[in-house]
Amino acid sequence: MGLKAYIVRRTIYNVILLFFVLTLNFLIFQWMPGDPVAIIASSKRLRPEQVESLKKLFGLDKPLYIRYINYIRNMFTWQFGYSYYSLKPVREEIMARLPNTLLLMGTSTLLAIVIGTAIGVIAAYKRGKLFDVISVTTSLLTYALPTFWMGMIFLLVFGYYLRLFPLAGTMSRPPPEGLLPQVVDMLRHLFLPATTLFLFSYGTYVLLMRSALLEVLTEDYIVTAKAKGLDERTILFKHALRNALLPLITEAAMAFGLLFSGAILTETVFSWEGMGTLLWNAIEFQDYPILQAIFYIIAVSVIGANFIADILYGFVDPRIKYD
Amino acid sequence: MSNGRKLEHPYKVKLRMLWRKSKDFGRHFLRNRKGVTGVVILVFYILVALLAPYLTPYDPVYSKYVAGPRAKPLWFRYLPGLHHLSMNLEPIEDPSFKAKPKGIKVEAQPQGFPIELRHSEDVGYPRGSGPGSLLLLISGSENTPNEVKVRIYVRFHYPYNGSPARFTARVALFDESPNRVYIKARVFLEDAYGKEYTLSLLSLRNGSWAIPQPPIDSYQAALRVKLFMSVLKDPASVIFSRSGDYTYGVELSIKGLRKGSTVKVYVDDFYLRLYGTCFGLLGTDAYGRDLFSQFLYGARISLLVGLLSAIFSVAVGLVVGLISGYVGGLVDELLMRFTDMLLVLPTLPLLLVLTAVLGASIWNLIFLIGFLGWMGFARVIRSQVLSLKERAFVEAAKAIGAGTAIIIVRHILPNVASLAYVALALSVPSAIVSEAALSWLGLYDPNVMSWGRMLHDVQYYGAITDWWWVIPPGLSIALLSMSFIFIGYAIDELLNPRLRARR
């Protein structure tokens, strides 16, 4: 079977998967307790006819199957309805947060992949030496440290004691005048959360790259290369590294798939106005339309990223047969 | 039996082999540096968890106000510039008078008539701590004045330069005097300058117990009103403004004492408690709960949630992976699609939503964390089973008529057991961190104190600068997680020797 047929088959499979996830996403929030309209009504002292119009606005006056059909249609047309809490369109709320999250997650993920991989390669090259031991131990430690705790410590040391970075938020309020000061201000706010996320995730790439390389280095063709008298560096970069990159693709695809989800814990510690804090606030306020929308976006991006990774695999490794 | 030895029962042989194997494994394990480090850390935290009740008398959640709120660690007193920290102080050692009282004085004004203070063993304030009280006996004589004042007090030295965080006081009085004797009581405190503060006034009624109402507590606004103090002032710091000798006591004004009649007043639950601004190894939280106890008991929760969730998720993963891989067909398809579905949904948000719905009891946390953690492992097991079931020994088992269940349990399971041990050790850390994250966000079981909840409280009460409160729980989460990662790696290296060079 060729690549084209494979892509077609994967696409069909992924659409079915997405459909199932959509249904699950619908059912979870049907099953959740609490009537949000009742909550709004009691907190804002609404008259019965206003309650009715609210129900209409959220489409809660219709039977379950109609709501399900509406829900599916809305998801495919990216119409997510209105937030129960702020009564604003969900799309507006998400679009306000998405750039911040992409900035935070994008920076930290890219840094983690590049630096983590580099450290992993060096660690494999110097296996058993001090650098190897230290880099493996530190990546395990930063992986095991709870992100929110790391964030608290950073805030305490760099924000509170040393006063190098702001304590909370995405930008100063009011924002400084001029483009350059604004960029600098943003970067100052970005530094601590991005570092926290970077430290949390880079270890995965160190360990992954290191073990993949060491695994490849036991293969026959490496022995052959050694027998040919090639030096260690050429073997590592020309022969081993390319093949060791394969597991990295899956891992990186997964990380990119989660770009949109934001990081609930890190964003909460640093009061970063991203998708993570939006999600957590939505859970606290039982704001189901926002939760549904975010879950949907994450599902689509994860499925998409995995799909791309599957295809990329084929290009990078011609040994793989699609079947 | 030609050699004269009885054949051993096969069960015994098996046991002996198992013993030899595990001894062998243990010997190799102890040679592995990572494994030993992991085990040492783990044993430390297991000991902490098991010995918690012996290391601290306080309950981590319910023992409130063992000292002032947000007290600093006790050893801070010995640091430069922090001598002003005060410790808990109770001038009356045995306030419920179980034994004969010490240091309590009695004084009458005017003097000159018989007065006696003795220990009563059988009478006691019924809502206090059982029998045992002080009995005050005053007999009237010819020249007894119309009004007699009797003071029962204790003089004590307050050795700290800084004031206490809070004080509470109480006295329970029982009047058993003849008719037409009227007794009023006044609870007072005299500071180091000789200034007297009236904390509470009581009138005694014949045949009943009287206690100060409202209770004497420096936190209560009523006390400030009584002391004519502004709302912004704290009675504890106004009264205990410096070190020196203080007096705490109760003054009885007795009217109508005549010749031949004897006034009997029982005194019980006679205490003054000063809550220190430093306490214990790690200080206290916003409710005056001992942080060291919270830290000790937190180890229990992390270990419990980590281990049980890991066992649960590995068990589910094993079952799904074995069935899916071995049975194949429609079952495989269904199980794997379900797995994919759960893998696509983000774990932490899903965990948060489900915990918010089901409630954050400790068993729900264990169940949910376990339930959302098996997917990756199930896939690994499935792919392993797919290759195992083509092997000759499975064919052979089939040929002699073994059923599916037997083949899975007796022939396939032992071959994936090493993977299961590794997965078990490696899913504990993620369960520990998940629990901590949920608790930190506020989804904790109100009846238990975990390290994550400690960190939640830090954030909630704006105590992030109290580093002695922030560091121990966070570091412990990391160390305990790391110990399991190390153990997992060590098991992996020993059981899958082909990969020995990898890590």
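Residues numbered from 1 in each chain as written. Chains lettered and ligands numbered in written order. Predicted model: local features only at pLDDT ≥ 70, side-chain atom pairs only at ≥ 80, totals over all residues. Heavy atoms only, no water.

Peer 1: Describe the domain arrangement of chain B, listing the residues and the values that go with them.
Peer 2: The domain boundaries assigned to chain B delineate domain 1 (10–62 + 289–502) and domain 2 (104–275). A separation of 59 Å is found between the C-alpha centroids of domain 1 of chain B and domain 2 of chain B. (Domains from an automatic or database assignment.)

Peer 1: Account for the pattern of salt bridges, with residues named and values stated.
Peer 2: All names here are of chain B. A complete count under the given rule lists 20 salt bridges over all chains for this structure. In this structure, D332 engages R382 in a salt bridge whose closest nitrogen and oxygen atoms are separated by 2.7 Å. Here the residue D332 occupies a position in helix α6 (residues 329–344), and R382 occupies one in helix α9 (residues 375–388), the gap between them amounting to 50 residues. Its relative accessible area of 10% is what places D332 among the buried residues. (Salt bridge = Lys/Arg side-chain N within 4 Å of Asp/Glu carboxyl O. Helix = DSSP H or I, 4+ residues; strand = E, 2+ residues; numbered from the N terminus. Buried < 20%, exposed > 50% of the residue type's maximum accessible area, 1.4 Å probe, protein only.)

Peer 1: Describe in detail the interface of chain A and chain B, supporting the description with residues and values.
Peer 2: Contacts between the two partners involve 44 residues from chain A and, on the opposite side, 44 residues from chain B. Both sides of the chain A and chain B interface together cover about 4,000 Å² of buried area, and 84% of this is carbon and sulfur. Looking only at chain A, the three residues that lose the most surface to chain B are F148(A), W149(A) and M152(A), adding up to 15% of its buried area. Inspection of the chain A/chain B interface yields zero salt bridges. At the boundary of chain A with chain B, the tally comes to three residue pairs in polar contact (both at pLDDT 80 or more). Elements with a contribution of two residues or more to the side of chain A that touches chain B: α1 (3–31), α6 (130–144), α7 (147–161), α8 (179–216), α11 (264–269), α12 (275–284) and α13 (288–316) of chain A. Of the residues that constitute the side of chain A that touches chain B, the class distribution is 39 nonpolar, three polar and two charged. (Contact = heavy atoms within 4.5 Å. Buried area = accessible area lost by both parts, 1.4 Å probe. Polar contact = N/O pair within 3.5 Å; in protein donor to acceptor, adjacent residues only side chain to side chain. Nonpolar A, V, L, I, M, F, W, Y, C, P; charged D, E, K, R; others polar.)

Peer 1: Summarise helix α8 (residues 362–371) of chain B; cite the residues concerned and give the values.
Peer 2: By the burial criterion, the buried members of α8(B) are I362(B), L365(B), I366(B), L368(B), I369(B) and G370(B). Residues of α8(B) that are buried make contact with α5 (291–327), α7 (347–358) and α11 (404–441) of chain B.

Peer 1: How would you summarise the packing of α5(B) against α6(B) if you had to cite specific residues and measurements?
Peer 2: All names here are of chain B. Here α5 crosses α6 at 140°, and the two axes come no closer than 7 Å. Taken together, α5 and α6 sit at an angle that is classed as oblique. Once α5 is placed against α6, the crossing between them reads as left-handed. On α6, the residues touching V320, I323, S324 and V327 of α5 are G329, V331, D332, L335, M336 and T339. Of the residues that constitute the contact of α5 with α6, the class distribution is six nonpolar, three polar and one charged. (Axes fitted to C-alpha atoms, helices over the stretch in contact; angles between N-to-C directions. Parallel < 35°, antiparallel > 145°, perpendicular 65-115°, else oblique. Left-handed = near helix turned anticlockwise from the far one by under 90°.)

Peer 1: Lay out the sheet that holds strand β6 (residues 182–190) of chain B with the relevant residues and their values.
Peer 2: Residues and elements named next belong to chain B. Taken in spatial order, the five strands make up an open sheet running β1-β4-β10-β6-β7, and their pairing is antiparallel. Unpaired on one side and paired on the other, β1 (105–109) and β7 (196–203) mark the two borders of the sheet. Ignoring strand direction, the axes of neighbouring strands in this sheet form an average angle of 20°. (Pairing = 2+ DSSP bridges.)

Peer 1: So, empty space enclosed by the protein: which residues are in play, and what are the values?
Peer 2: Counting across every chain of the model gives six cavities of 30 Å³ or more. The calculated volume of the largest cavity comes to roughly 50 Å³. Residue composition of the lining of the largest cavity, by class: seven nonpolar, two polar and one charged. (1 Å grid on protein atoms, 1.4 Å probe; cavity = no way out; pocket = protein on both sides within 12 Å on 5 of 7 lines; lining within 4 Å. Points joined across faces, edges and corners; volume = space filled by probe spheres on them.)

Peer 1: Any chance you could break down unusual backbone geometry for me, citing the residues and the numbers?
Peer 2: Omega for the bond connecting Q213(B) with P214(B) falls within 30 degrees of zero, at -10°, which places this linkage in the cis form. The topology assignment puts P214(B) in the loop between β8 (209–210) and β9 (216–217). Of note, the phi angle at Q286(A) is positive, near 55°, even though the residue is not glycine. Tracing the backbone through its elements, the reader meets Q286(A) in the loop between α12 and α13.

Peer 1: Can you tell me about the packing of helix α2 (residues 33–55) of chain B against helix α13 (residues 467–495) of chain B, naming the residues and giving the values?
Peer 2: Residue and element names in this part refer to chain B. Two numbers describe how α2 lies on α13: the axes approach to 7 Å, and their chain directions differ by 140°. Classified by the angle between their axes, α2 and α13 sit oblique to one another. For the pair α2 and α13, the sense of crossing is left-handed. Judged by residue contacts, K34, G35, T37, G38, V39, I41, L42 and Y45 of α2 engage S476, L479, L480, S483, F484, F486, I487, Y489, A490 and E493 from α13. Along the lines of polarity and charge, the residues of the contact of α2 with α13 split into 11 nonpolar, five polar and two charged.

Peer 1: Which residues make up the packing of aromatic side chains, and what values do they have?
Peer 2: All names here are of chain B. The tally for this structure, following the rule as stated, stands at 41 aromatic pairs over all chains. Residues Y45 and W451 carry aromatic rings whose centres are separated by 5.6 Å and whose planes lie at 70° to one another, so their mutual orientation is edge-to-face. Separated by 406 residues along the polypeptide, Y45 in helix α2 and W451 in helix α12 (residues 451–460) bring together distant segments of the chain. Here Y45 matches W451 in class, with each residue buried. Through successive ring pairs, a cluster of aromatic residues spans F156, Y158, Y160, F167, F240 and Y246. Positioned over the ring face of Y271 is R273, at 4.0 Å from the centre of the ring. Directly above the aromatic system of Y326 lies the positively charged group of K389, at a separation of 6.0 Å from the ring centroid. (Phe/Tyr/Trp six-rings, centres within 6.5 Å; stacked < 30°, edge-to-face > 60°. Lys NZ or Arg CZ within 6 Å of the ring centre and 35° of its normal.)

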